[in-house]
Amino acid sequence: TLGVRKSVAIDFLFVNLDTLKWSSDPKPLVEYLRSATLTTQDVKKLKSTQYLPAENDVSRMFAPSELYLPDRDLRVFPFLRLLQWPSEDGEVRERSANGKFLVALGMHVLPPLLQVLKYISNKVDDDQMRIKCLEFASKRLGSGGVYSSDYNRISRSDKAKLKFLPCVMTSPFDGQKKAGLYSVLACCYEERCAVMGFPVIDPSLEDKAKLFGNLFQCVAEPAPNALLQKLRLLVSDAKKLLKKSEGPECNAI
């Protein structure tokens, strides 16, 4: 009746952020804000102000749009800043009340797929870490996956530049194997294609090789025209090797 406000004014709260002891545990603050009566201006300020802590970064506070909801799977990507949260018991997952509130303020759930694939292509040197990153992306591909439409929008030219699939190429002449990273347009996932020197997704990955091939839309085996072209190249290379092995004495005869 006297006009006393039921909740603390957001402006007053922001002025006193430094005096509050939640810098490593924003849970009480988030749950208070979620239950408070917020005006349009309050929400706008909550979206733009830097007041949330990040995991492994004490340099400053961050705005919601600078952070990702904490998730164990996301920790394979060191370029992401995750919200510091005291536990991983579901209190701040995407579908939780706290998670929905933070997402509404601009916090991210997943990194862009193209950013993930560029990271795997250019930054990952550890083979086990690469597989973890590929598993993260592949789980979200396929029909109905959250990355499905994003992957289909990546142009063919961009896919050719993204070399993130671990492959093995076997020489048809001496059987030597050479490991490397290839784009989805430059390799196959059927191991038998290796007999002609085509790069195949690393067979040591077993079932994952075919899984990655299917989800990233590699071909199982080369098209007929590609096979004929490869056969002509192999015949040409074989002739060169034969001529070289004969030596000048044989050529003189």
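The structure presented is a predicted model; accordingly, all values stated were derived computationally and were not measured. (Residues numbered from 1 in each chain as written. Predicted model: local features only at pLDDT ≥ 70, side-chain atom pairs only at ≥ 80, totals over all residues. Heavy atoms only, no water.)

### Focus: the state of the cysteines
Here is step 1 of the chain: Counted under the stated rule, the structure contains 0 disulfides.
Here is step 2 of the chain: Take Cys167: it sits in no disulfide, and the sulfur closest to it among the cysteines is that of Cys187, at 3.8 Å.
Here is step 3 of the chain: With no disulfide of its own, Cys188 lies 4.4 Å from the sulfur of Cys193, the closest cysteine sulfur.
Here is step 4 of the chain: Classification of Cys188 by relative accessible area gives buried; the value is 4%. (Disulfide = S-S within 2.5 Å. Buried < 20%, exposed > 50% of the residue type's maximum accessible area, 1.4 Å probe, protein only.)

### A closer look at the sheet that holds strand β5 (residues 200-201)
Here is step 1 of the chain: The antiparallel open sheet is built from 3 strands, whose spatial order is β4-β3-β5. Unpaired on one side and paired on the other, β4 (177-182) and β5 mark the two borders of the sheet.
Here is step 2 of the chain: When strand β3 (residues 165-170) meets β4, the two strands line up antiparallel, connected through 6 bridges. Residue pairing in the sheet places Cys167 in a bridge with Gly180 of β4. (Pairing = 2+ DSSP bridges. Helix = DSSP H or I, 4+ residues; strand = E, 2+ residues; numbered from the N terminus.)

### So, the confidence of the model for the protein chain
Here is step 1 of the chain: Looking at the protein chain, the pLDDT average stands at 88 and 89% of residues meet or exceed 70.
Here is step 2 of the chain: Averaged over each element, pLDDT in the protein chain is lowest for helix α1 (residues 10-15) (71) and highest for β5 (97). (pLDDT = per-residue confidence, 0-100.)

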